[in-house]
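This is what each chain is made of:
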Amino acid sequence: MRTLYLECNMGVSGDMLMGALYELLSDSEKDIFLKTMNSLFPEDIMLQTSSSEKCGIWGTKMNVVILGQEESSQDAQKHCHVQQDTTEYTHEHTEHHHIHTSYPQMLAQIDCLPVSAAVKEDAKAVYTLIGNAESIAHHTDISQIHFHEVGTLDAVMDVVGCCLLLEILDPEQILASPIHVGSGNVCCAHGILPVPAPATAEILKDVPIYGGTIEGELCTPTGAALLKHFVSQFTTMPPMSVERTGYGMGTKDFANANCLRAFWGCLSILPVPSSRQLPDSPGFAGLQDNHEQETHPDYYTEKFHSLDQILELSCNLDDMTPEAVSYAANLLREAGALDVFTTPIYMKKDRPGILLTVLCNVSEESRFSRLILTHTATRGIRVQPCYRRTLDAQFRKISTVYGDITIKISTGYGIHKFKPEYEDVAKAAKQCKVPFQNVYMAAVEAFEKTL
């Protein structure tokens, strides 16, 4: 499962996240990304990258240049806090006009950008999180929230840049560590506020956060909203095979390296077993007779190659009609699930219910989880990893007096067996108006003559 893990030990801001994701790209992807970003507002703003070092660690610093002047760290800190603020403030670049953009205008501006529909929808969702948080913090309606022109352009680059990078990377799941928010106070247009600032704290509801001894704001509203929108789980780093690592560098210097680290790799759903732990291996506790299998010529070439990982997705249902459950199960089968089945169960208060179980490949978990959540009434899915050992399958057509019947042949581990396919047998029995068993046995006998 392609997994992106974000380590937020020094908090998160839009430009730090963008720098870390940028480092995960190939050289050609980096060129395409920068070209796309610099086509958004060709006359007003540019995105540049530079190497930056913090505590001996080198990474990428994303620099937003507005009207030929780079935003200072102080400006960046200000716009993160008050870009949605209805109160005017004095920007250090005095030549900029203090024009404000309303929330609906902001969404319309995003819709006009030369990026995909998916990137636009993600960017608007992130801005909605920020706008809702600001409206709650200031006790006003989201339609009354306004974005300062300069802060808006800078934040658009951060938000759209991160959304575009994630579209390019296309992870199957995004995980993140609990977020370090910093401590102390921060100065904004309203005065001195505690860290995290009210809007940031509102966005981070239900997200694990912590403070510490580092004074200052480590998590900005933009960074918080990006993580809230994209991250499926905040947790310690799971076992994963890491392929690439990216570092997005902050502006300020602390005793700790001021960076956000991104890990890209494959999530290890289950630990890889040793040969002594595998079924059919010498010494495996469940094996009764090793000698007969070990002497078979196919034993050593097949015993390790058919063991693979799959996932079992399940949920309890007690508020759906049988017709609705049947529809969902058939839809999941048609979508390519390895298997779908239902089991009668009794739930709380002895209410009868249905256990829906779906088997799928590890790489398909997110797709089938979304289908289950969309087409059933459940609010949660249990994901259980498991091993699967399978026989190889082949198919052959065999001629009978009732027509051609497909035979499914299963082989492996010295096992050879076959059976006529149900659909062919049932179709022939119906057409010839004979019992099902007559067609089935005729197919078995015809195939046995070819052995």
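Figured I'd write up the structure that's included with this text. (Residues numbered from 1 in each chain as written. Predicted model: local features only at pLDDT ≥ 70, side-chain atom pairs only at ≥ 80, totals over all residues. Heavy atoms only, no water.)

A look at the overall build of the protein chain
For clarity, the threshold we go by: The way it works is that DSSP assigns letters per residue, a run of H or I at least four long becomes a helix, a run of E at least two long becomes a strand, and they are numbered from the N terminus. The contact rule is simple, with two residues in contact once any of their heavy atoms fall within 4.5 Å. Residue exposure ignores everything except the shown protein chains as possible cover, and the areas themselves are Shrake-Rupley values with a 1.4 Å probe.
A count of helices and strands for the protein chain gives 14 helices and 23 strands. Taking contacts inside the protein chain between residues at least 6 apart in sequence as the whole, the part at least 24 apart equals 68%. When the accessible area of the protein chain is evaluated, it comes to approximately 22700 Å², of which 51% is carbon and sulfur surface.

Examining the environment of E243
Test applied: For every residue, the accessible area obtained with a 1.4 Å probe (protein chains only) is divided by the maximum for its type, and the residue is called buried under 20%, exposed over 50%, and partly exposed between those limits.
One can find E243 in strand 15 (residues 240-249). Looking at E243, the relative accessible area reads 54%, which means it is exposed. Not counting the four nearest positions on each side in its chain, E243 is found in contact with W264, G265 and C266.

Some points on the sheet that holds strand 23 (residues 415-420)
Going by this rule: Note on pairing: two strands pair once DSSP finds at least 2 bridges between them. Angles here are taken between N-to-C directions and fall from 0 to 180 degrees, while the axes themselves are lines fitted to C-alpha atoms, restricted in helices to the stretch in contact.
In space, the three strands of this open sheet follow the order 21-22-23, with antiparallel pairing throughout. Each edge of the open sheet is held by one strand with a lone partner, namely strand 21 (392-400) and strand 23. Averaged over neighbouring strand pairs, the angle between their axes works out to 25 degrees when direction is ignored. Relative to strand 22 (residues 403-412), helix 13 (residues 422-432) is tilted by about 160 degrees, and along the sheet it contacts strand 21, strand 22 and strand 23.

Comments concerning the nonpolar core
Definition in use: In plain words, nonpolar cores are sets of buried Ala, Val, Leu, Ile, Met, Phe, Trp, Tyr and Cys residues tied together by side-chain atoms within 4.5 Å.
Judged by nonpolar contacts, the single largest core of 63 residues is most densely connected at L6, F33 and I179. Considering every element that reaches this core, the biggest residue donor is helix 6 (residues 149-169), with 12 residues. By size, the runner-up hydrophobic cluster in this structure holds 24 residues, among which are M1, L356, V362 and F368.

Describing the packing of aromatic side chains
The cut-off we apply is this: Note on ring pairs: Phe, Tyr and Trp rings are taken, using the six-membered ring of Trp, and paired if centres are within 6.5 Å. Classes follow the plane angle, with under 30 degrees stacked, over 60 edge-to-face and the rest tilted.
Tallied over the entire structure, the rule returns five aromatic pairs. Between Y5 and F263 the ring centres are 6.5 Å apart and the planes differ by 40 degrees, which places this aromatic pair in the tilted class. Pair noted here: Y5 is in strand 1 (residues 2-7) and F263 is in strand 16 (residues 259-267), with a separation of 258 residues, a long-range link. The exposure class of Y5 is buried, given its relative accessible area of 3%.

Focus: helix 4 (residues 103-111)
To keep things clear, this is the line we draw: Here, the arc refers to the directions that run from the helix axis to the C-beta atoms.
Inspection of helix 4 places Y103, M106, L107 and I110 among the buried residues, and these make up the whole buried set. Down the axis of helix 4, the sector holding all buried residues measures 95 degrees, keeping them to one side.

Observations regarding the layout of surface pockets
The criterion, for reference: Only protein atoms enter the 1 Å grid, on which a cavity is a set of points fitting a 1.4 Å probe that cannot get out and a pocket is an open set with protein on both sides within 12 Å along at least 5 of 7 lines, lining residues being those with an atom within 4 Å of a point. Grid points are joined across faces, edges and corners, and a volume is the space filled by probe spheres set on the points. When residues are grouped by polarity, Ala, Val, Leu, Ile, Met, Phe, Trp, Tyr, Cys and Pro land in nonpolar, Asp, Glu, Lys and Arg in charged, and all others, Gly among them, in polar.
Approximately 1000 Å³ is the volume attributed to the largest pocket. Around the largest pocket, the lining comprises 36 residues; the ones closest to its centre are E172, Q173, I174, S232 and S366. Secondary structure elements with two or more residues in the lining of the largest pocket: helix 5 (117-137), helix 6, strand 7 (173-176), helix 8 (221-230), helix 12 (365-375) and strand 20 (382-389). The element best represented in the lining of the largest pocket is helix 12, accounting for six residues. Class assignment for the residues of the lining of the largest pocket results in 18 nonpolar, nine polar and nine charged.

Some details on empty space enclosed by the protein
Counted according to the given criterion, the structure contains one cavity of 30 Å³ or more. Of the volumes computed, that of the largest cavity is approximately 50 Å³. For the largest cavity, the full set of lining residues is L4, L6, L17, L166, I174, L226, L227, F230 and V231. Among the elements of the structure, strand 1 and helix 8 are those that each provide at least two residues to the lining of the largest cavity. In terms of residue count, helix 8 provides more of the lining of the largest cavity than any other element does, three residues in total. Residue composition of the lining of the largest cavity, by class: nine nonpolar, no polar and no charged.

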